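Chains, contacts and geometry: an overview
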Amino acid sequence: MNDVIIVGAGPAGLSAGITCAKKGLGVLIIDEYMKPGGRLLGQLYEEPNGSWWNGIQESTSLYEHAVDLGIQFQLNTPVNNIEKLDQSWVIYTDKHTFNTDHLLLATGAAESPVPVPGWTLPGVMSVGAAQVMTNVHRVKPGERGVIIGVNVLSAAIAMELQLAGIDVACLTLPKLNKITKNAAQPKDVLESLLHVSHMAPSPLIRFGSKLMKNDFMKKMGVTFYPKEGVKMWDIPIQLRKAVINIYGDGEVEGITSATIDANGEVVSGSEENIACDFVCIAGGLYPLTELAAVAGCPFYLIDELGGYVPLHNERMETTLDGLYVAGNITGIEGAKVAIAQGVTAGLSIAENAGISGLDVDIQHSIQSIELTRDKAYIQFHPEVKKGKRILKEQWKEYERSVKKLVH
Amino acid sequence: MTEEEMIVCRCEEVSYEELLQTATKYNCSPRELKLRTRAGMGYCGGRTCRGMVDTVASTIKAQERTQISLKYQPPIRPITFGDLGRQDK
């Protein structure tokens with residue numbers, strides 16, 4: 001039996017494992033992917049100070065540190081179920097069953113699809129898949145691509161594809177329907193983009209975004225948004241066009257795009273075809289919570305955090321004894337926040353495993369999560385702090401309801 | 001391809017139109033919409049279309065905040081019957 005088992009070898013899982021191992025606990029980390037690092041592997045961007053954040057290097061150094069500390073790894077191993085039996089957690093994988101008293105779920109996030117007619121054709125992939133092909137496997141997803149869905153993630157990945165010498169024809173919106181909703185509304189998309197305008201290489205865009213803080217200017221911004229889009233890293237970002245079809249005989253050959261009005265409605269007769277050999281769908285990320293759900297954690301739907309999140313406290317403990325969470329399962333944020341959360345989870349586990357004198361360290365690590373969040377270069381949701389407040393209230397609400405049951 | 005014909009659940013080949021019409025006709029909850037159309041009940045376990053089925057149903061009634069609307073059940077990843085039924089020694 002391992003002292004600690006961690007599901008997910010991404011930034012949160014690795015940092016939690018390292019923290020536990022440093023305190024002398026025996027750690028096993030399980031991941032369904034063949035390489036450690038999780039979503040960190042795909043990341044590559046330039047920071048404001050001019051240095052580069054290279055996810056592969058960060059993953060490698062975390063992994064090597066973990067191995068040096070004696071942490072065991074089971075890669076290529078999907079966990080298909082967990083349950084609590086006789087006071088300890090049982091973790092089921094294809095070939096083996098594992099037991100532990102302290103189980104950390106650091107399962108990260110998954111991508112939401114955006115349905116567009118023709119999206120089932122070979123050559124259509126999620127934007128994250130294109131990122132992994134390019135940055136991790138060094139395989140070009142194609143020669144020329146169109147990205148459907150304009151958000152922080154797709155803008156960052158578009159730049160990465162371009163760095164790899166892949167032509168990105170444009171970033172554009174999906175056609176408005178009952179599923180695409182806000183992601184197809186020019187005003188909503190523009191508003192979310194204003195929060196990442198500091199990343200724009202053009203001072204004009206950075207300046208322009210400051211002018212658009214009020215509603216009137218936003219409406220004007222959408223109304224007068226150039227039909228051919230605004231260029232970011234030489235890639236047209238089109239908020240007044242939407243993809244109405246992906247066409248091709250057995251594989252992607254191109255997309256049909258149409259002009260849309262400020263409310264997202266298609267202007268008929270404006271259709272045009274754009275040739276490309278791959279299409280990326282960028283519907284954003286949501287916390288991957290399947291195992292927490294199977295275990296019986298209570299949840300709350302918090303849009304600011306990307307979806308349903310298992311209730312947990314600042315020490316990363318869930319309502320279930322011996323079950324912890326860290327990283328994007330607690331809300332969509334960057335890798336640095338995930339690493340900081342991993343430290344807190346690791347310290348909480350160590351304390352609950354009987355190591356004393358960690359109180360001050362735990363308090364510091366909780367503050368460090370806040371600081372990291374404040375300094376984050378990429379904010380996936382502008383209201384993430386509000387989301388965390390809602391979560392805190394729900395946790396308190398839960399504690400009150402449990403006390404009532406006991407008395 | 002038209003928007004109506006667009007496939008939402010790839011495993012069970014359920015179209016956008018079928019989901020929308022079923023949801024409207026029966027005032028479906030996400031679970032009822034799933035059971036009536038089989039969307040999300042294929043071999044991928046709903047890992048792709050789950051959110052979309054939820055979203056279509058949410059046009060009828062807002063999503064519940066305190067409960068995940070479409071239940072997760074083990075095994076949450078595909079596994080062979082042989083592996084699932086094995087005896088650990």
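To be clear, the structure that these remarks concern was listed above.
Residues numbered from 1 in each chain as written. Chains lettered and ligands numbered in written order. Predicted model: local features only at pLDDT ≥ 70, side-chain atom pairs only at ≥ 80, totals over all residues. Heavy atoms only, no water.

1. Examining the nonpolar core
With 68 residues, the main nonpolar core has Leu104, Ile147, Leu171 and Leu239 of chain A as its most contacted residues. The greatest single-element share of this core, amounting to seven residues, is contributed by helix 4 (residues 152–163) of chain A. Taken domain by domain, this core gets at least three of its residues from each of domain 1 (2–110 + 285–406) and domain 2 (113–281) of chain A. Dropping the residues within four chain positions of it, Leu239 of chain A is found in contact with Val150, Leu173, Pro186, Val189, Leu190, Leu193, Tyr225 and Ile260 of chain A. Of all hydrophobic cores here, the second largest spans 34 residues; its members include Ile148 of chain A together with Val8, Val14 and Tyr16 of chain B. (Core = buried A, V, L, I, M, F, W, Y, C linked by side-chain atoms within 4.5 Å. Buried < 20%, exposed > 50% of the residue type's maximum accessible area, 1.4 Å probe, protein only. Helix = DSSP H or I, 4+ residues; strand = E, 2+ residues; numbered from the N terminus. Domains from an automatic or database assignment. Contact = heavy atoms within 4.5 Å.)

2. As for helix 1 (residues 11–22) of chain A
All names here are of chain A. Compared with an ideal rise of 1.5 Å per residue, which puts 12 residues at 16 Å, helix 1 spans 17 Å between its outermost C-alpha atoms and is within 8% of the ideal. When you tally the buried positions in helix 1, you get 11 out of 12 residues, the bulk of the element. Along helix 1, the residues that are buried comprise Pro11, Ala12, Gly13, Leu14, Ser15, Ala16, Gly17, Ile18, Thr19, Cys20 and Ala21. For helix 1, the secondary structure elements touched by its buried residues are strand 1 (2–7), strand 2 (27–30), helix 2 (55–68), strand 5 (72–74), strand 8 (97–105) and helix 9 (335–352). (Expected span 1.5 Å × (residues − 1).)

3. Comments concerning the packing of helix 1 of chain A against helix 9 of chain A
For any two helices packed against each other, the geometry comes down to the angle between their axes and how far apart the axes lie. Residues and elements named next belong to chain A. It is the contact of helix 1 with helix 9, at a shortest axis distance of 7 Å, that shows an interaxial angle of 35°. The two elements helix 1 and helix 9 cross, and the hand of that crossing is right-handed. For the pair helix 1 and helix 9, the contacting residues are Pro11, Ala12, Ser15, Ala16, Thr19 and Cys20 in the first and Ala335, Ala338, Ile339, Gly342, Val343, Gly346, Leu347 and Ile349 in the second. Class assignment of the residues belonging to the contact of helix 1 with helix 9 gives a composition of 10 nonpolar, four polar and no charged. (Axes fitted to C-alpha atoms, helices over the stretch in contact; angles between N-to-C directions. Left-handed = near helix turned anticlockwise from the far one by under 90°. Nonpolar A, V, L, I, M, F, W, Y, C, P; charged D, E, K, R; others polar.)

4. Focus on the packing of helix 9 of chain A against helix 10 (residues 359–375) of chain A
Residues and elements named next belong to chain A. Where helix 9 contacts helix 10, the axes come no closer than 9 Å and their chain directions differ by 165°. Here helix 10 runs roughly antiparallel to helix 9, going by the angle between their axes. The handedness of the crossing between helix 9 and helix 10 is left-handed. Contact residues: Lys336, Val337, Ala340, Gln341, Val343, Thr344, Leu347, Ser348 and Glu351 in helix 9; Asp359, Asp361, Ile362, Ser365, Ile366, Ser368, Ile369, Thr372 and Arg373 in helix 10. Its residues placed into classes, the contact of helix 9 with helix 10 shows seven nonpolar, six polar and five charged. (Parallel < 35°, antiparallel > 145°, perpendicular 65-115°, else oblique.)

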